[in-house]
Number of protein chains: 2
Amino acid sequence: MNDTSVRTVFFISDGTGITSETLGHSLLAQFPDARFRQVRIPFVDDLDKAIDCANQIRDAAVRDGLRPIVFSTLVNPETVAGLRQADALFIDLFEKFIGPLEAELGQRSTHAVGRFHGIADSMDYKNRIEAINFAMAHDDGVSHDGELTEADVILVGVSRSGKTPTSLYLAMQFGVKAANYPLIPEDFERNKLPGELHVHRAKLFGLTIAPERLSQIRQERRPNSRYASLENCRYEIEAAQKLMRRENIRWLDSTTKSIEEISATILQAVRLNRPAY
Amino acid sequence: MNDTSVRTVFFISDGTGITSETLGHSLLAQFPDARFRQVRIPFVDDLDKAIDCANQIRDAAVRDGLRPIVFSTLVNPETVAGLRQADALFIDLFEKFIGPLEAELGQRSTHAVGRFHGIADSMDYKNRIEAINFAMAHDDGVSHDGELTEADVILVGVSRSGKTPTSLYLAMQFGVKAANYPLIPEDFERNKLPGELHVHRAKLFGLTIAPERLSQIRQERRPNSRYASLENCRYEIEAAQKLMRRENIRWLDSTTKSIEEISATILQAVRLNRPAY
């Protein structure tokens, strides 16, 4: 067996496949030297589709000369049996964990197909969509009288420090209403927060970033501008940090962090305990 | 044991906790009648933090009178041991699956803490951030000459049919560049697509929605407006579907679907096979 070969990994689900993919990515990330080709097959909700998957798994095994890995979250025993006609390493979420949960809860699981079935109507889902609309409507300092009162958190930082993607992630993953507000040269000259943020001080969370990285990001947007110059980025970052220290705003450095990490950190810092079920 | 009691569920991770939460939600969704209080504890990356978690688990057990459920993705054996000092039903992703993967791949896992460590620098992550910026810049028909050429998919549909959250989800979860373009009364009068969409016809995907639901959503935005009236929503939806049929655009009904389901369906329909590792 050749260690540098590419092995095919399947993410198979009767729903969107997002759970099996999240699970699979987390586990595969523990093997950074292995090379994988990924195939996502969602909505496998009957025997025919399961058998089609089994055929694809067999084909991949022949092509790669390696047994595929299959992350699966199928719950219907018949489709599971169809899928298992192929030879593969099956990593099966429901098989391993539903039994212990049924025993602990003293209830049978519904074996409901598709994680998100019915979820579009739930409160949790409605909150997430509302939070996405809120983030879109309050991006980049856009706000109307009194609306920031609705915000769970308000991100502040210089242009391109990561506020927008973080606001959207907070909304989409956690249903958290996040506005964001740029800190601009006028704020630094006055060394004061924009007026309307003062009353919401408890909700503020700052993002900062290394000047070199900021300059790189801004260069892609506006090459050779003063806005993107390392000198200006250094000035803005220093002034923003000074302002945030002065105003006692919690902040973190986004330079080497993903929006997932930034969002989880903010959630922990502002202690938003949101009921999800 | 009282079936209507609330049981505490912990999502514990040495990283963001997103994997353990996704896993947990998928499994708990199989028990719609059980009631859970959820506690998310990310960044549990040393023994002290693990012992603090164990204490919180014990407290919850006493308060609820029920053994808590713990979804965990800790990889460090020492922190795992600290956590296990409490009594709970542990659903441990790494414990169950890392062994079989190591055997299959013929490699030891790195036991690297935190799924997203290092990912902020990866191509995959860069694509996702770029796609989010693209979706923001091409929301609601905003586009500049030639930029739609870059789009992987262009969503079309009437105002509030779900285009914006779907575009953002496609970007954030899959790194897919999705623009979106509203179909408006002028398009229906001409019964033609907006001019610049014609050349990108192969990338178009339509969203439709039940007029009753659309009217409800629009009422929240602009109560008692003509825009939100059921009569107008019926007209717009009918005209949009007629236009999409005429132009041979694939479409789906978003009424009872989550953005996860809509996105997975679109991805499958347009067969975007994106290399992720």
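Note that the structure is a prediction, hence the values are computed from the model and not measured. (Residues numbered from 1 in each chain as written. Chains lettered and ligands numbered in written order. Predicted model: local features only at pLDDT ≥ 70, side-chain atom pairs only at ≥ 80, totals over all residues. Heavy atoms only, no water.)

J.: Can you walk me through the packing of aromatic side chains in this structure?
T.: Here a ring pair, both rings aromatic, is described through the centre-centre distance and the interplanar angle of the planes. Counting across every chain of the model gives seven aromatic pairs over all chains. Here the aromatic rings of Phe-97 of chain A and Phe-97 of chain B are separated by 5.7 Å at their centres, their planes lie at 65°, and the arrangement is edge-to-face. Here the residue Phe-97 of chain A occupies a position in helix H4 (residues 93-105), and Phe-97 of chain B occupies one in helix H4 (residues 93-105), the pair thus bridging two chains. When its relative accessible area of 2% is taken as the criterion, Phe-97 of chain A is described as buried. With 6.2 Å between their ring centres and 85° between their planes, Phe-188 of chain A and Tyr-235 of chain A make a pair best called edge-to-face. Remark: Tyr-235 of chain A occurs in helix H9 (residues 230-246) and Phe-188 of chain A occurs in helix H7 (residues 185-190); sequence separation between them is 47 residues. When its relative accessible area of 39% is taken as the criterion, Tyr-235 of chain A is described as partly exposed. (Phe/Tyr/Trp six-rings, centres within 6.5 Å; stacked < 30°, edge-to-face > 60°. Helix = DSSP H or I, 4+ residues; strand = E, 2+ residues; numbered from the N terminus. Buried < 20%, exposed > 50% of the residue type's maximum accessible area, 1.4 Å probe, protein only.)

J.: What exactly am I supposed to notice about a negative patch on the surface here?
T.: Residues and elements named next belong to chain A. A cluster of acidic residues, Asp-46, Asp-48, Asp-52 and Glu-78, forms a negative patch on the protein surface. With respect to the helices and strands, Asp-46 occurs in the loop between strand E2 (35-41) and helix H2 (47-64). The partly exposed category is assigned to Asp-46, whose relative accessible area is 32%. (Patch = residues over 30% accessible without salt bridge, like charges linked within 9 Å, V, L, I, M, F, W, Y side chains within 5 Å. Areas by Shrake-Rupley, 256 points an atom, 1.4 Å probe, with all protein chains shown as cover. Salt bridge = Lys/Arg side-chain N within 4 Å of Asp/Glu carboxyl O. Lys, Arg positive; Asp, Glu negative; His and termini not counted. Charge placed at Lys NZ, Arg CZ, Asp CG, Glu CD.)

J.: Which parts of the structure should I look at to understand the sheet that holds strand E7 (residues 204-208) of chain B?
T.: Whenever strands of a sheet pair, they do so through backbone hydrogen bonds, lying parallel or antiparallel. Residue and element names in this part refer to chain B. The parallel open sheet is built from four strands, whose spatial order is E6-E5-E7-E8. Lying at the two open borders of the sheet, with one neighbouring strand each, are strand E6 (178-182) and strand E8 (251-253). The sheet shows a mean angle of 25° between the axes of neighbouring strands, direction not considered. Most of the contacts of helix H9 (residues 230-246) go to E7, to which it runs at about 155°, and overall it touches strand E5 (153-157), E7 and E8. (Pairing = 2+ DSSP bridges. Axes fitted to C-alpha atoms, helices over the stretch in contact; angles between N-to-C directions. Contact = heavy atoms within 4.5 Å.)

J.: I would appreciate a short explanation of the pattern of salt bridges in the present structure.
T.: Should their charged atoms come close, side chains of opposite charge can pair. In total, this model carries 34 salt bridges over all chains according to the counting rule given. Residue Arg-108 of chain A pairs with Glu-102 of chain A through a salt bridge whose shortest N-O separation is 3.5 Å. Of the residues examined, Arg-108 of chain A reaches a relative accessible area of 65% and is grouped as exposed. Note that Lys-177 of chain B and Glu-150 of chain B form a salt bridge whose closest N and O atoms lie 2.9 Å from each other. Remark: Glu-150 of chain B occurs in the loop between helix H5 (123-137) and E5 and Lys-177 of chain B occurs in the loop between helix H6 (163-174) and E6; sequence separation between them is 27 residues.

No statement about biological role is implied by the geometric values presented.
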